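Each chain, written out:
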Amino acid sequence: MNYPRIAMASVAAVIVFFVYGFLVEGMLIRKDFALSAALYRDSNAQMKYMPIGMASVLVGLFAATVLYAKWCGGASGAAIGLRFGLLMGVFVACIHAISNLVTMNMNLRLGLEIAFSTFVGWVLAGITIGAVYRPITSAVQ
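An account of the accompanying structure is given in this report. (Residues numbered from 1 in each chain as written. Predicted model: local features only at pLDDT ≥ 70, side-chain atom pairs only at ≥ 80, totals over all residues. Heavy atoms only, no water.)

1. Things to note about the pattern of salt bridges
Inference 1: Under the defined criterion, the tally for this structure stands at 2 salt bridges.
Inference 2: Among the ionic pairs, Asp32 bridges to Arg109, the shortest N-O distance being 3.3 Å. Within this pair, whereas Asp32 is found in the loop between helix H1 (3–28) and helix H2 (43–71), its partner Arg109 is found in helix H4 (residues 108–132), the two being separated by 77 residues in sequence.
Inference 3: Here Asp32 falls in the buried class, since its relative accessible area comes to 8%. (Salt bridge = Lys/Arg side-chain N within 4 Å of Asp/Glu carboxyl O. Helix = DSSP H or I, 4+ residues; strand = E, 2+ residues; numbered from the N terminus. Buried < 20%, exposed > 50% of the residue type's maximum accessible area, 1.4 Å probe, protein only.)

Next up, the structure:
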């Protein structure tokens, strides 16, 4: 595995993930969160916990990048990253977002928007990881 590229791909994926998340959940569907406001912290409290959230996303995307490096079989690129992102998107949307819809008292529309947003965010992260990560090409690893 190419550890410097794993680190670079992880950081790049975090940037893409947060920019996309801000544009979609922070701006596009922000109004839909109001119907389920009791589930969420207010803006000031969210900012207090933001460093923890950012660190956890970095760790999660680092783990995903390591999985990608093992999974890609020595080939890499945006197309392979797209396939990886589709798999991760389905996994995370179903395991996290849809299970939250079931267990939390949230509006159905918001739950489905979050699931779709999560799916697309992971697809974009996968493409980014595939585009940035390059395996070590020498015979000695």
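Past the structure itself, the notes keep going.
2. Considering helix H3 (residues 78–103)
Inference 1: Its 26 residues give H3 an end-to-end C-alpha distance of 35 Å, which sits within 8% of 38 Å, the value for a rise of 1.5 Å per residue.
Inference 2: Most pronounced at Ala93, the bend in H3 amounts to some 35°.
Inference 3: Along its buried surface, H3 packs onto H2 and H4. (Expected span 1.5 Å × (residues − 1). Bend = angle between axes of the 7 residues up to and from the residue. Contact = heavy atoms within 4.5 Å.)

3. Here we look at the environment of Gly74
Inference 1: Position of Gly74 relative to the elements: it lies in the loop between H2 and H3.
Inference 2: Taking the relative accessible area as the measure of exposure, Gly74 reaches 54% and is therefore exposed.

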